[in-house]
Amino acid sequence: MPHRKMFTVGPVEVFPEILDIMSTPVVGHRTKECYELYARIKVKLQKILYTENRCFIFASSSSGIMEAAVRNCVKNRCLNLVNGAFSERWHKMTISNGKSADRLDFQWGSPIEASKVDEALSSGKYDAMTFVHNETSTGVMSPIAEITEVMKKYPDVIFLVDTVSSMTATKIEVDKLGIDVCLAGVQKAFALPPGLAVASISDKAIEKAKTVDNRGYYFDFLELLKYYEKDQYPTTPPISIMYALDFQLNRMIIEGLDNRYKRHNDMANMAREWAHKKGFKIFPKEGYESVTLTCINHEGKVDVPSMKEKLAQKGFEISSGYGKTKEVTFRIGHMGDIGVNDLKELLEIMDDLI
Ligand SMILES: Cc1ncc(COP(=O)(O)O)c(C=O)c1O
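Calculation notes
Starting from 1, residues in each chain are numbered consecutively following that chain's sequence as written. Predicted model: local features are reported for residues with pLDDT of at least 70 only, side-chain atom pairs are reported and counted for 80 or more only, and whole-chain, interface and lining totals are derived from all residues. Computation of side-chain values: all heavy atoms of the structure, hydrogens and water removed. Starting at the N terminus, helices and strands are each numbered in turn, a helix being any DSSP run of H or I of at least four residues and a strand any DSSP run of E of at least two. Three exposure classes are used, based on accessible area relative to the maximum for each residue type with a 1.4 Å probe and protein chains only: buried under 20%, partly exposed in between, and exposed over 50%. The pairing criterion for strands is at least two bridges between them, as found by DSSP. The source of the domain bounds is an automatic or database domain assignment. Contact between two residues is taken to exist if any of their heavy atoms lie within 4.5 Å; hydrogens are not considered. As a working definition, buried area equals the accessible area (1.4 Å probe) given up by two parts on being put together, with both sides summed. A pair is scored as a salt bridge if a Lys or Arg side-chain nitrogen falls within 4 Å of a carboxyl oxygen belonging to Asp or Glu. Being near a molecule or strand, for a residue, means having at least one of its heavy atoms within 4 Å of it. Whenever a nitrogen or oxygen atom comes within 3.5 Å of another N or O atom, the pair is scored as a polar contact, on the condition that within protein one atom can donate a hydrogen and the other can accept it, and that pairs from neighbouring residues in sequence are kept only if both atoms are in side chains. Here a cavity is any set of points on a 1 Å grid over the protein atoms alone where a 1.4 Å probe fits but cannot get out, and a pocket is any open set with protein on both sides within 12 Å along at least 5 of 7 lines; a residue lines the site when it has an atom within 4 Å of a point. In this scheme, a molecule is assigned to a cavity or pocket if more than half of its atoms are within 2 Å of the grid points. Classification convention: Asp, Glu, Lys, Arg as charged; Ala, Val, Leu, Ile, Met, Phe, Trp, Tyr, Cys, Pro as nonpolar; all other residues, Gly among them, as polar. Lines fitted to the C-alpha atoms define the axes, with helices restricted to the stretch that makes contact. Angles between their N-to-C directions range from 0 to 180 degrees.

(A) Seen up close, unusual backbone geometry. Following Gly-10, the chain continues into Pro-11 via a peptide bond in cis, with omega recorded as 0°. Structurally, Pro-11 can be placed in the loop between strand S1 (5-7) and helix H1 (16-21). Backbone geometry at Thr-168 places phi at a positive 85°, although glycine is not the residue there. Looking at the secondary structure, you find Thr-168 in the loop between strand S8 (158-162) and helix H7 (174-177). Residue Ala-191 is not a glycine yet carries a positive backbone phi of 60°. With respect to the helices and strands, Ala-191 occurs in the loop between strand S9 (181-185) and strand S10 (197-201). The class for Ala-191 is buried, based on a relative accessible area of 0%.

(B) Fine view of the pairing of strand S5 (residues 128-132). The buried fraction of S5 amounts to five of the five residues, a majority that puts the element mostly inside the structure. Side chains Ala-128, Thr-130 and Val-132 of S5 all project onto a buried face; the interleaved residues Met-129 and Phe-131 project onto the opposite face, where all are buried too. As paired elements, strand S3 (residues 78-82) and S5 share three bridges and run parallel to each other. Counterpart to Asn-80 in the pairing with S5 is Thr-130.

(C) View of the domain arrangement of the protein chain. The domain boundaries assigned to the protein chain delineate domain 1 (5-11 + 257-353) and domain 2 (16-253). Each of domain 1 and domain 2 has a C-alpha centre, and the two are 26 Å apart. Taken together, the contact between domain 1 and domain 2 spans 26 residues of the former and 32 residues of the latter. Across the interface of domain 1 and domain 2, roughly 2,400 Å² is buried in total on both sides, 61% from carbon and sulfur atoms. Among the residues of domain 1 in contact with domain 2, Leu-257, Tyr-261 and Tyr-288 are the three that bury the most area, contributing 26% of the side total. Inspection of the region where domain 1 meets domain 2 yields one salt bridge. Elements represented by at least two residues in the side of domain 1 that touches domain 2 include exactly helix H11 (257-277) and strand S12 (293-297).

(D) Highlighting the site of the ligand. In the neighbourhood of the ligand, 13 residues make up the surrounding shell, with Ser-61, Ser-63, Thr-136, Asp-162 and Lys-188 lying closest. In the model, a nitrogen atom of the ligand is placed 2.6 Å from a nitrogen or oxygen of the Asp-162 side chain. In a pocket analysis with a 2 Å cut-off to the grid points, the ligand is assigned to the largest pocket. With three residues, the single largest contributor to the shell around the ligand is helix H3 (residues 62-73). Taken together, the residues that form the shell around the ligand break down as four nonpolar, six polar and three charged.

(E) A look at the pairing of S9. Burial analysis of S9 places five of its five residues in the buried class, which makes it a mostly covered element. Residues of S9 alternate between two faces, with Val-181, Leu-183 and Gly-185 on one and Cys-182 and Ala-184 on the opposite face, all of them buried. Here three bridges tie S8 to S9, and the two strands are oriented parallel to one another. Within the sheet, the bridge partner assigned to Leu-160 lies in S9 and is Val-181. Examined bridge by bridge, S9 and S10 share five bridges and lie antiparallel to one another. By the bridge assignment for S10, Ala-184 is matched with Val-198.

(F) Main features of the environment of Ala-128. Considering the arrangement of structural elements, one finds Ala-128 in strand S5. In this structure Ala-128 comes out as buried when scored by relative accessible area, which is 0%. Along the sequence, Ala-128 and Lys-188 sit 60 residues apart, while their C-alpha atoms lie 26 Å from each other. Ignoring anything within four residues of it in the chain, the contact list for Ala-128 reads Cys-73, Val-74, Arg-77, Cys-78, Leu-79, Val-157, Ile-158 and Leu-160.

(G) Quick peek at the sheet that holds S8. Here we have seven strands laid out as an open sheet, ordered S2-S10-S9-S8-S5-S3-S4, and mixed in their pairing. In this open sheet, the two strands that pair with only one neighbour each are strand S2 (54-58) and strand S4 (101-105). Here the average twist between neighbouring strands, direction ignored, is 20°. Against the sheet, H3 makes contact with S2, S5, S8, S9 and S10, and its axis sits at roughly 160° relative to S9, the strand it touches most.

Dropping the structure here:
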């Protein structure tokens, strides 16, 4: 299949050196080499998440950890903050796992508002809350620091955070923000092939899990912990992606995390400027635009499937709109290993198509 350069919102462009590393001979998951590999990954994840919490791998995509988080950490009632398709999915998951939950809705395109969160939590009904930092469906990045300030008033509420499309692209200081479970899949800003997800899990979340029944087996935090302490994983993990993750974490550290954040910011500015120049609106409310994707509101004026087809013929791919905004938006992903020159190349081609 001819290669299309991916300016998508996940999975994203994976560089050849990553694919090469994945051809390292596979070792067994109960070998010293595999334990050492996991041990190296853990330490580096702690570094990139600014945390002393344990950092786990999960043999799944991000949704596996979203489900695990509510299964392990909700005992009484969960508050699901909803402002797009993925945060809505977390609410549905919470309910379908037999948990009591309420959704607090915000308009699609708007961020989660701290004052409304405070009002809901002050009811005292909730022992856990789900929050999606970067709503990939709408391109909104909610103000996590403001939400954190509210959470300080409710220390018994477990703070479950989806940073699926923001982790490693912007600074997320897990300990400072008091995040109990901070999760992401590696096919987004980590720029690895899909099939593995990661999460930091606090002692508070582990203690909570001890009080919750029916946590299942596959993603039971306590079972995962038992193996974690031996640098092991309870079942067979995707070892080839673990090689790639170990390698990619080194590359991130060599690039410098601040440089990485700046690169994402620069790309986001470039994409927004291009959209404005073309006369489009940006879908998210001003001031809350994502740094990893730009969700463009074309108001139904662009034939997106036809544009995508033309782009594909030139060797490029972008993402359509998603969920209820599908017909009026398209999304340009700018996350992972690509840089401003790559994005410039794409936008110049798009200039001729629109
Ligand atoms: C914000 C967000 N949360 C959750 C998911 C689900 O991730 P996965 O497909 O890795 O399970 C996605 C996928 O795009 C996402 O963007």
